[in-house]
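Observations on the three-dimensional arrangement
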Amino acid sequence: GGGIREEAIVPAFDHEALRRRVYSMSPTEVAAQTPQLLRECGDWPNTYTLTKHMGEALFSSLASQHSIPSIVIRPTIITCASSYPSVGWTDTLIGPAGLVLAVAFGVLHVAPGKEELIVDFVPVDYVVNTLLISTLHCASRPPPGRQTPDKSGGEGGGAAPPAGGATL
């Protein structure tokens, strides 16, 4: 079925050529050609997912070129905290955080929706914890092509992680 794959997605088109093409258009032309561009670039559902893909591809490419361990975190919709710094903490009431707090405080009892759809929120403190642990894990691995010292302090044959880093 659908969904976003939990892996680095290899670009199927030239991102730089697309950027130049779009920058050469007027705002009216961009609006008119957006559906066609989304199809041409891999049938993306919207410009948000396309530009996220482009950013991830650029990030992964640069990290690989410079042998820098890298990781991409793709949380779902981030909302208020589960416990840290305090239950319900948020820095904004715009978007899902306001909705979650309205339900939590009993202000909102019913909202229109489809029973078969999933509302996939993740608390901000879960995302921060994932970022911290993932960064530690990624940083503790040697960059591709570099060896790590063995336990005796000599240059050992420490295994390098696969090129391109990891994606969670």
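Conventions we followed
Residues numbered from 1 in each chain as written. Predicted model: local features only at pLDDT ≥ 70, side-chain atom pairs only at ≥ 80, totals over all residues. Heavy atoms only, no water. Salt bridge = Lys/Arg side-chain N within 4 Å of Asp/Glu carboxyl O. Helix = DSSP H or I, 4+ residues; strand = E, 2+ residues; numbered from the N terminus. Buried < 20%, exposed > 50% of the residue type's maximum accessible area, 1.4 Å probe, protein only.

Moving on: the pattern of salt bridges. Considering all chains together, one arrives at four salt bridges under this definition. For glutamate 16, the salt bridge goes to arginine 19, with nearest N and O atoms at 2.4 Å. Within this pair, glutamate 16 and its partner arginine 19 are both found in helix α1 (residues 15-23), separated by three residues, close to a single helical turn. A salt bridge links arginine 21 to glutamate 40; the nearest nitrogen and oxygen atoms lie 2.8 Å apart. Taken together, the residues span a long stretch of sequence, with arginine 21 in helix α1 and glutamate 40 in helix α2 (residues 27-40) at a distance of 19 residues. A residue is classified by how much of its surface remains accessible, and arginine 21, at 32% relative accessible area, is partly exposed. Each of Glu16, Arg19 and Arg20 takes part in one network of salt bridges that share partners.

Another aspect to go through is the environment of glutamate 16. Among the residues examined, glutamate 16 registers a relative accessible area of 36% and is labelled partly exposed. Separated by 42 residues in sequence, glutamate 16 and leucine 58 have C-alpha atoms that sit 9.7 Å apart.

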